[in-house]
Amino acid sequence: MQIETSPISDRTWSMHRLQTLVRPFKPALVKPPSNLERKLEWSKTGSPRLSIPRSYPGNSEKKNGRLLYFCGGGFQAPPSSQHWSCVVELSRQLPHLPLTIISYLLAPRSTASTAIPTLLRLYKQISTQSEDLHLGGDSSGGNIALSLTLQVLSSNSQMIAPKSVMLISPVVDCSNSNSEMQTVNKVDPVLTMRCTGEVASKWRGEVAPSDPMVSPIQGNMLLLRGRGVKMNGIIGTWDVLAPDTMRLMDRLQEVGVEGQWWVAEGQMHCFPLAWRYGLKDSVRGKDWILDVLKRSST
């Protein structure tokens with residue numbers, strides 16, 4: 001596994017300024033609005049209907065490959081405008097890899113014990129239509145992408161394994177118990193341990209924090225190596241979720257899972273998603289993701 005790091009000195013002044021400006025408002029920036037439930041239109045399956053922006057290019061040409069993307073939102077909210085701008089860019093830059101955004105069951109209406117089996121059935125159906133599948137997700141969506149991958153690999157149905165998984169500042173451990181998070185909690189401009197703990201509790205429901213369904217870091221990483229699944233990811237170290245992801249990277253390295261990672265010192269949670277604001281740090285992160293996806297899918 002290849003790990004690229006960038007020192008905090010590489011962080012631009014504009015990013016540092018943004019982090020300073022948003023810090024007083026944390027974690028309100030990532031909390032779903034109180035009237036979200038009333039605003040959402042729900043499908044028969046219990047997942048919200050997504051309003052696709054006009055700028056989304058789509059892809060009518062039949063391709064063998066596909067990228068299934070799971071947007072974050074604290075397991076409770078549908079894709080934000082930042083998510084849509086990111087996936088629109090990915091779709092434009094990856095015409096050979098049609099992108100499908102998965103609208104999954106959300107807390108508190110549903111919890112992982114219902115949502116993950118539902119997604120497993122959906123994946124099984126999609127895998128019969130494409131042999132070149134890739135999964136990706138940011139924040140809580142990264143949790144789902146990795147959890148679902150491990151569920152697919154551990155199932156007895158011998159479903160087609162994804163070729164690669166792209167994780168952007170993922171939630172990999174819903175126990176929220178890593179002591180190293182306390183140090184990062186002091187500098188994280190967006191999240192707090194209290195926030196991540198509340199979010200994780202809502203998603204877990206009755207599932208134990210140690211269950212790989214909600215804490216994929218506890219899963220069998222040998223399954224990934226055995227099926228040749230590449231694990232890629234990007235994180236900023238000023239993110240309370242980063243210590244858990246660093247432990248995940250250690251586990252992946254220990255068992256010889258292939259992939260590419262970028263650890264950006266001093267960057268915040270999901271910093272590539274801010275690329276549309278012209279921040280050089282975020283644009284660089286977005287371009288890195290595109291480059292890795294291109295190489296993983298060709």
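Predicted, not measured: the structure shown is a model, and the values here were computed from it.

## Focus on a nonpolar patch on the surface
Together, Phe25, Leu29 and Val30 make up an exposed nonpolar region whose accessible area comes to about 280 Å². Topologically, Val30 is positioned in the loop between helix H1 (13–22) and helix H2 (36–39).

## Observations regarding the packing of helix H3 (residues 81–93) against helix H10 (residues 280–296)
In contact at an axis separation of 11 Å, H3 and H10 are set at 40° when each is read in the N-to-C sense. One finds that H3 runs oblique with respect to H10. Crossing of H3 over H10 shows right-handed handedness. Residue-level inspection shows Glu89, Leu90 and Gln93 of H3 in contact with H10, the latter providing Lys286, Ile289, Leu290, Leu293 and Lys294.

## A short note on the state of the cysteines
Using the criterion set out here, one finds 0 disulfides in the structure. Cysteine Cys174 shares no disulfide, and the gap to the nearest cysteine sulfur, in Cys195, comes to 12 Å.

## Some details on the pairing of strand E2 (residues 65–70)
Of all the 6 residues making up E2, 5 are buried; the element is thus mostly covered by neighbouring parts of the structure. Sheet topology places E2 next to strand E4 (residues 132–138); 6 bridges connect them, and they run parallel. By the bridge assignment for E4, Leu68 is matched with Leu135. Bridging between E2 and strand E3 (residues 99–101) involves 3 bridges; their strand directions are parallel. In the strand pairing of E3, Leu68 is matched with Thr100. Taken together, E2, H3 and E3 form a β-α-β motif whose crossover is right-handed.

## A closer look at the UniProt feature "domain: Alpha/beta hydrolase fold-3" (unreviewed entry) in the protein
Under the UniProt annotation, "domain: Alpha/beta hydrolase fold-3" (unreviewed entry) lies at residues 67–272. Helix makes up 38% of residues 67–272 and strand 18%, and the two end C-alpha atoms of the span are 18 Å apart.

## What to know about the environment of Phe75
Looking at the element boundaries, Phe75 is found in the loop between E2 and H3. Between the alpha carbons of Phe75 and Thr111 there is a distance of 8.8 Å; along the sequence they are 36 residues apart. Non-local contacts of Phe75, meaning those with residues more than four positions away in its chain, are made with Leu106, Ala107, Ser140, Asn143, Ile144, Cys174, Val199 and Trp203.

## Regarding helix H5 (residues 140–154)
Residues lying three or four places apart along an α-helix face the same way, a consequence of the helix completing one turn every 3.6 residues. Here H5 spans 21 Å end to end across 15 residues, near enough to the 21 Å set by a 1.5 Å rise per residue. Burial of H5 is extensive: 13 of the 15 residues sit out of reach of the surface.

## A look at the side chain of Glu89
Mapped onto the secondary structure, Glu89 falls in helix H3. When near neighbours in sequence (up to four residues on either side) are disregarded, Glu89 contacts Trp275, Lys286 and Leu290.

## Here's the deal with the pattern of salt bridges
Applying the stated criterion to the full structure yields 9 salt bridges. Here Lys286 and Glu89 are joined by a salt bridge, their closest N and O atoms 3.1 Å apart. Separated by 197 residues along the polypeptide, Lys286 in helix H10 and Glu89 in helix H3 bring together distant segments of the chain. For Glu89, a relative accessible area of 10% translates into the label buried.

## Some words on helix H4 (residues 112–127)
For H4, which comprises 16 residues, the first-to-last C-alpha distance of 21 Å matches the rise-based estimate of 22 Å (1.5 Å per residue) to within 8%. Residues Ala112, Ala115, Ile116, Leu119, Leu120, Tyr123, Ile126 and Ser127 constitute the buried set of H4. In a view along the axis of H4, the buried residues occupy a sector of 135°, so they form one face of it.

## Focus: the packing of H4 against H5
Where H4 meets H5, the axes come as close as 10 Å, and the angle between the chain directions of the two elements is 65°. Between H4 and H5, the interaxial angle falls into the category roughly perpendicular. For the pair H4 and H5, the sense of crossing is right-handed. Between H4 and H5, the contacting residues are Ile116, Leu119, Leu120 and Tyr123 on the first element and Ile144, Ser147, Leu148, Gln151 and Val152 on the second. Within the contact of H4 with H5, the residues separate by chemical class into 7 nonpolar, 2 polar and no charged.

## Some thoughts on unusual backbone geometry
A cis amide bond, omega -5°, links Lys26 with the succeeding residue Pro27. Its place among the elements puts Pro27 in the loop between H1 and H2. Of note, the amide linkage connecting Ala107 to Pro108 takes the cis form, showing an omega dihedral of 0°. Examined against the element boundaries, Pro108 turns out to sit in the loop between E3 and H4. The backbone of Ser139 sits at a positive phi, close to 55°, despite the residue not being glycine. Here Ser139 shows up in the loop between E4 and H5.

Conventions we followed
Residues numbered from 1 in each chain as written. Predicted model: local features only at pLDDT ≥ 70, side-chain atom pairs only at ≥ 80, totals over all residues. Heavy atoms only, no water. Patch = residues over 30% accessible without salt bridge, like charges linked within 9 Å, V, L, I, M, F, W, Y side chains within 5 Å. Areas by Shrake-Rupley, 256 points an atom, 1.4 Å probe, with all protein chains shown as cover. Salt bridge = Lys/Arg side-chain N within 4 Å of Asp/Glu carboxyl O. Helix = DSSP H or I, 4+ residues; strand = E, 2+ residues; numbered from the N terminus. Axes fitted to C-alpha atoms, helices over the stretch in contact; angles between N-to-C directions. Parallel < 35°, antiparallel > 145°, perpendicular 65-115°, else oblique. Left-handed = near helix turned anticlockwise from the far one by under 90°. Contact = heavy atoms within 4.5 Å. Disulfide = S-S within 2.5 Å. Buried < 20%, exposed > 50% of the residue type's maximum accessible area, 1.4 Å probe, protein only. Pairing = 2+ DSSP bridges. Right-handed = clockwise from strand over helix to strand, strands pointing away. UniProt positions renumbered as here; feature names shortened; annotations may be inferred. Expected span 1.5 Å × (residues − 1). Arc of directions from axis to C-beta. Nonpolar A, V, L, I, M, F, W, Y, C, P; charged D, E, K, R; others polar.

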